[in-house]
Amino acid sequence: MNELLALDFTLDPTFEIYEANRDLMRARRAEWHEDYTMPKLWKFYEPSRVAHGSYWLNWGTEQEVSWRENYRLWMTFINEYKNRGGRVTVGTDAGFIYELYGFSYVRELELLRESGFHPLEVIRSATLYGAQALGMEKEIGSVEIGKLADFVIVNANPLENLAVLYGTGAIGVTDKNEVVRKGGVSYTIKDGIVYDAKKLLEDVKKMVAEEKAKAGFKITQPGME
């Protein structure tokens, strides 16, 4: 750690890509797979002796317990690195091991929070620190006059619940005991151009539905088709 700090080294842990190691059922059954995971990608996720990242062969309780301990040690290191002034950024390795593009990024935010980061530190890692790692902190990474307008707009407070940043939002209950969805990014602004994030998500959902219809496909658990 001392050597990495002296080198001003940036750590980008990508906790999310190995999360299935410690809870495979959670990774398989994430609610967004049904509507937003393409059939070919789901097929690629399945256990295989030859496909990269599809190594769920006899994966069970003992393996998951071991990986939970691994995460405890790993997260302790990352949090201490941050506490000692080291730069930690947010990134993913989505596209395999049941991690879906877009959704996996928000999950990485949650895992940094689990590591001990304050929610504001999580946001800093996802914004300013990422820009610094790219050498672009004069252009992006914070909301300042003269920088590019790159940010998202959400009608909920992610500092209270980072899950509101998921495209599917977060589940809540009203005063009338009605189950509702809160959050979900409403708009994404890139280089000052406003994009309707919910409309983009609907476009993806439609594309996935069309591909499933062509293939007569439905998501199943391995060995339960």
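Residues numbered from 1 in each chain as written. Predicted model: local features only at pLDDT ≥ 70, side-chain atom pairs only at ≥ 80, totals over all residues. Heavy atoms only, no water.

Trainee: Run through the overall build of the chain, naming residues and quoting values.
Mentor: When its secondary structure is counted, the chain shows nine helices and seven strands. Radius of gyration (C-alpha) of the chain: 19 Å, near the 17 Å computed for a compact globule of 225 residues. Structurally, the chain occupies a C-alpha span of about 50 × 40 × 40 Å along its principal axes. For the chain, the residues scored as buried account for 39% of the 225 residues in total. Summarising the internal contacts of the chain: among those between residues at least 6 apart in sequence, 66% fall at separations of at least 24. Per element, the accessible surface of the chain, about 13200 Å² overall, is 55% carbon and sulfur. Across the chain, the 28 positively charged side chains and the 34 negatively charged ones have centroids separated by 3 Å. (Helix = DSSP H or I, 4+ residues; strand = E, 2+ residues; numbered from the N terminus. Rg over C-alpha atoms; globule rule 2.2 N^0.38 Å. Buried < 20%, exposed > 50% of the residue type's maximum accessible area, 1.4 Å probe, protein only. Contact = heavy atoms within 4.5 Å. Areas by Shrake-Rupley, 256 points an atom, 1.4 Å probe, with all protein chains shown as cover. Lys, Arg positive; Asp, Glu negative; His and termini not counted. Charge placed at Lys NZ, Arg CZ, Asp CG, Glu CD.)

Trainee: Any details on the pattern of salt bridges? Residues and values, ideally.
Mentor: Side-chain pairs of opposite charge can arise where the charged atoms are in close proximity. Inspection of every chain in the model, using the stated rule, returns 18 salt bridges. For Glu 46, the salt bridge identified is with Lys 43, shortest N-O distance 3.3 Å. Residue Lys 43 is classed as exposed on the basis of its relative accessible area of 56%. A salt bridge links Asp 203 to Lys 199; the shortest N-O distance between them is 2.9 Å. Placement of the pair is Asp 203 and Lys 199 together in helix α9 (residues 197-215), with a separation of four residues, close to one helical turn. Through salt bridges with shared partners, one network takes in Glu 19, Arg 22, Arg 26, Arg 107, Glu 110 and Glu 114. (Salt bridge = Lys/Arg side-chain N within 4 Å of Asp/Glu carboxyl O.)

Trainee: So, the packing of helix α6 (residues 103-115) against helix α7 (residues 119-126): which residues are in play, and what are the values?
Mentor: At a closest axis distance of 9 Å, the pairing of α6 and α7 adopts a crossing angle of 135 degrees. The orientation of α6 relative to α7 falls into the category oblique. Crossing of α6 against α7: the hand is right-handed. Contact residues: Tyr 105, Leu 109, Leu 112 and Arg 113 in α6; Pro 119, Val 122, Ser 125 and Ala 126 in α7. Its residues assigned to classes, the contact of α6 with α7 shows six nonpolar, one polar and one charged. (Axes fitted to C-alpha atoms, helices over the stretch in contact; angles between N-to-C directions. Parallel < 35°, antiparallel > 145°, perpendicular 65-115°, else oblique. Left-handed = near helix turned anticlockwise from the far one by under 90°. Nonpolar A, V, L, I, M, F, W, Y, C, P; charged D, E, K, R; others polar.)

Trainee: Lay out unusual backbone geometry in plain terms, naming residues and giving numbers.
Mentor: The phi angle of most residues is negative, glycine excepted, and most peptide bonds adopt the trans form. Phi is positive for Thr 14, which is not a glycine, with a value near 45 degrees. Tracing the chain through its elements places Thr 14 in the loop between β1 (10-11) and α2 (24-28). Taking the relative accessible area as the measure of exposure, Thr 14 reaches 15% and is therefore buried.

Trainee: Tell me about the environment of Thr 92, and name the residues and values.
Mentor: Position of Thr 92 relative to the elements: it lies in the loop between β2 (87-88) and α6. Each C-alpha atom of the pair Thr 92 and Asn 177 lies 36 Å from the other, and the pair is 85 residues apart in sequence. Contact partners of Thr 92, with chain neighbours within four places excluded, come to Thr 14, Glu 16, Ser 104 and Tyr 105.

Trainee: Let's hear about the nonpolar core: which residues, and what values?
Mentor: One finds Phe 15, Trp 32, Ile 78, Tyr 98, Leu 100, Leu 112 and Leu 165 to be the most contacted residues of the largest nonpolar core, which totals 40 residues. Those elements that provide at least two residues to this core are α2, α4 (39-45), α5 (61-83) and α6. With five residues, the single largest contributor to this core is α6. Leave out the neighbours within four places in its chain, and Leu 165 touches Val 106, Leu 109, Val 154, Pro 158 and Val 185. (Core = buried A, V, L, I, M, F, W, Y, C linked by side-chain atoms within 4.5 Å.)

Trainee: Outline the sheet that holds strand β7 (residues 193-196), supporting the account with residue identities and numerical values.
Mentor: By definition, the strands of a sheet pair up through backbone hydrogen bonds, in either a parallel or an antiparallel sense. The strand order across the open sheet formed by three strands is β3-β6-β7, and the pairing between neighbours is antiparallel. The sheet terminates laterally at β3 (151-153) and β7, the two strands that pair on one side only. For this sheet, the mean inter-axis angle between neighbouring strands, taken without regard to orientation, is 25 degrees. Both β3 and strand β6 (residues 187-190) contribute to a ladder of three bridges, which runs antiparallel. In the sheet register, Val 152 faces β6, and the bridge partner there is Thr 188. Helix-sheet contacts for α9 involve β6 and β7, and the interaxial angle to β7 is about 50 degrees. (Pairing = 2+ DSSP bridges.)

Trainee: I'd like a rundown of the pairing of β6, residues and numbers included.
Mentor: Bridging between β6 and β7 involves four bridges; their strand directions are antiparallel. The residue of β7 that forms the bridge with Lys 190 is Ile 193. Adjacent in sequence and paired antiparallel, β6 and β7 are bridged by two residues, among which Asp 191 carries a positive phi angle near 55 degrees.

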